[in-house]
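Overview (structure and organization)
This is what each chain is made of:
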Amino acid sequence: MKNLKKRLQNGETLHGCWLNTGSSLTAEIVGMAGFDWVLIDLEHGAGFEKDVLYQLQALEHTATAAIVRVESSESQRIHRVLDMGAEGVMCPKILNAEGAQKLVQGLHYPPFGSRGVAKMVRATGFGQHFQEYYDNSRDNILGIAQIETVEVLNHLDAVAGTDEVDVLFIGPADLSMELGIFGQFDHPRFREAVRETCEAARKAGKAVGILFFNTNEYAAYHELGIRFIACGSDATFVAEGARVMAKKLNDLRPSQT
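In this text the structure is predicted, and so the values were computed from the model without any measurement.

Below, the discussion takes up empty space enclosed by the protein. Throughout the structure, instances matching the rule amount to 1 cavity of 30 Å³ or more. By volume, the largest cavity amounts to about 40 Å³. The wall of the largest cavity is formed by L19, N20, T21, G22, I40, D41, L42, G47, F48, D51, V52 and Q55. Listing elements by their share of the lining of the largest cavity, those giving two or more residues are β2 (37-41) and α3 (49-59). Among the elements that line the lining of the largest cavity, the one with the most residues is α3, at 3 residues.

Moving on to the sheet that holds strand β5 (residues 142-147). Strand order around the closed barrel formed by 8 strands is β1-β2-β3-β4-β5-β6-β7-β8, with parallel pairing between neighbours. Averaged over all neighbouring strand pairs, the angle between strand axes comes to 25 degrees, with direction disregarded. Across 5 bridges, the pairing between β2 and strand β3 (residues 65-69) is parallel. Note that in β3 the partner of L39 across the bridge is I67. Packed on one face of the sheet, helix α11 (residues 234-252) meets β1 (14-19) and β8 (228-233) and runs near 45 degrees to β8.

Looking now at the pairing of strand β6 (residues 167-170). Neither face of β6 is open: one carries V167 and F169, the other L168 and I170, and all of them are buried. Inspection of the sheet shows β5 paired to β6 by 4 bridges, in the parallel sense. Paired with Q146 across the strands is F169, a residue of β6.

We now examine the pattern of salt bridges. Scanning the model with the defined rule gives 18 salt bridges in all. A salt bridge links K5 to D166; the nearest nitrogen and oxygen atoms lie 3.5 Å apart. In this pair, K5 is assigned in helix α1 (residues 4-9) and D166 in the loop between α7 (156-160) and β6, connecting sequence segments 161 residues apart. By relative accessible area, which is 4% here, K5 ends up buried. One salt bridge in this structure joins E60 and R122, with 3.1 Å as the shortest N-O distance. Highlighted residues: E60 in the loop between α3 and β3 and R122 in the loop between α5 (97-107) and α6 (130-140), separated in sequence by 62 residues.

What follows covers the packing of aromatic side chains. The description of two aromatic rings rests on the distance between their centres and on the angle between their planes. What the rule picks out here adds up to 12 aromatic pairs. On the basis of an interplanar angle of 90 degrees and a centroid distance of 6.4 Å, the ring pair of W37 and F169 is categorised as edge-to-face. Here W37, found in strand β2, pairs with F169, found in strand β6; they are 132 residues apart in sequence, far enough to count as distant. Look at W37 and you get buried, because its relative accessible area is 0%. Taking the centre distance of 5.4 Å and the plane angle of 35 degrees together, the rings of Y109 and Y134 count as tilted.

To continue, consider the nonpolar core. V68, V89, L103, V159, I170, F190 and I226 are the most contacted members of the largest nonpolar core, which has 55 residues in total. When residues in this core are grouped by element, the largest group, 6 residues, is from helix α9 (residues 188-204). The residues touching V68, leaving out its near neighbours within four places in the chain, are I40, L42, V52, V81, A86, G88, V89 and M90. W37, A65, I144 and V167 belong to the second-largest nonpolar core, a separate cluster that totals 17 residues.

With that settled, the discussion passes to the layout of surface pockets. By volume, the largest pocket is sized at about 350 Å³. In terms of lining residues, the largest pocket is bounded by 22 residues, among which W18, P172, A173, L211 and F213 are the most central. Contributing elements (two or more residues each) for the lining of the largest pocket: β6, α8 (172-178) and β7 (207-212). Across the lining of the largest pocket, the residue classes tally to 11 nonpolar, 5 polar and 6 charged. Of the voids in this model, the second largest pocket is the one considered here, and its volume is about 300 Å³. If you trace the second largest pocket, you find it lined by M1, K2, L56, L59, E60, T64, A66, G85, E87, R122, A123 and Y133.

The rules behind each value
- Residues numbered from 1 in each chain as written.
- Predicted model: local features only at pLDDT ≥ 70, side-chain atom pairs only at ≥ 80, totals over all residues.
- Heavy atoms only, no water.
- 1 Å grid on protein atoms, 1.4 Å probe; cavity = no way out; pocket = protein on both sides within 12 Å on 5 of 7 lines; lining within 4 Å.
- Points joined across faces, edges and corners; volume = space filled by probe spheres on them.
- Helix = DSSP H or I, 4+ residues; strand = E, 2+ residues; numbered from the N terminus.
- Pairing = 2+ DSSP bridges.
- Axes fitted to C-alpha atoms, helices over the stretch in contact; angles between N-to-C directions.
- Contact = heavy atoms within 4.5 Å.
- Buried < 20%, exposed > 50% of the residue type's maximum accessible area, 1.4 Å probe, protein only.
- Salt bridge = Lys/Arg side-chain N within 4 Å of Asp/Glu carboxyl O.
- Phe/Tyr/Trp six-rings, centres within 6.5 Å; stacked < 30°, edge-to-face > 60°.
- Core = buried A, V, L, I, M, F, W, Y, C linked by side-chain atoms within 4.5 Å.
- Nonpolar A, V, L, I, M, F, W, Y, C, P; charged D, E, K, R; others polar.

Written as structure tokens, this is what we have:
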């Protein structure tokens, strides 16, 4: 484990990005780039659970911690990625305290949750370090609830107050879509939703996260108290780099006479 949860609890600002190509090679490249964490996306990404394993293996030798966004809060989805060695789990579409509790149940072994016990898995060194992993799992595994619906805005205090939910992570695209102002991140309704989320997290002593693609937004979100910050993805890095190079070459192309 790379102490991501402890660093966040200590008030550090942690930088991350999305991995949505399903590629272990891009995971390794991004992991070596200097991010504090990356999120392997099983909800919208191109990869499957088997690809998660390869990406976790690729990230192992880097300083970057690996979080996985599962498709739902079903316990089996959460157990699988934790057994593979994920250091945290993000769950989309958390609506209320019941949904937050369902996420938490999947994160931890009894008596704190309902996670099934399997010793011969990657997370425990295939049985070599099970007791150490078990003893420290609650201190190390990060639980992240996504705030991206209108309904959850009515239950922010309850979600934030759920034990073992460590981060309220705002999903700008889905939240703005639900608010009827898709992509309008400067709209007063979106800004108010962000402020309400930050206030609920502050009262509960939890962190807030957000994903954006324009670094000009960094200062405004940081001033609101957001400390778990993601910008960009492996797919956007490749696409933008390819476009830049193609343009440079096209600009250098001799004119046809």
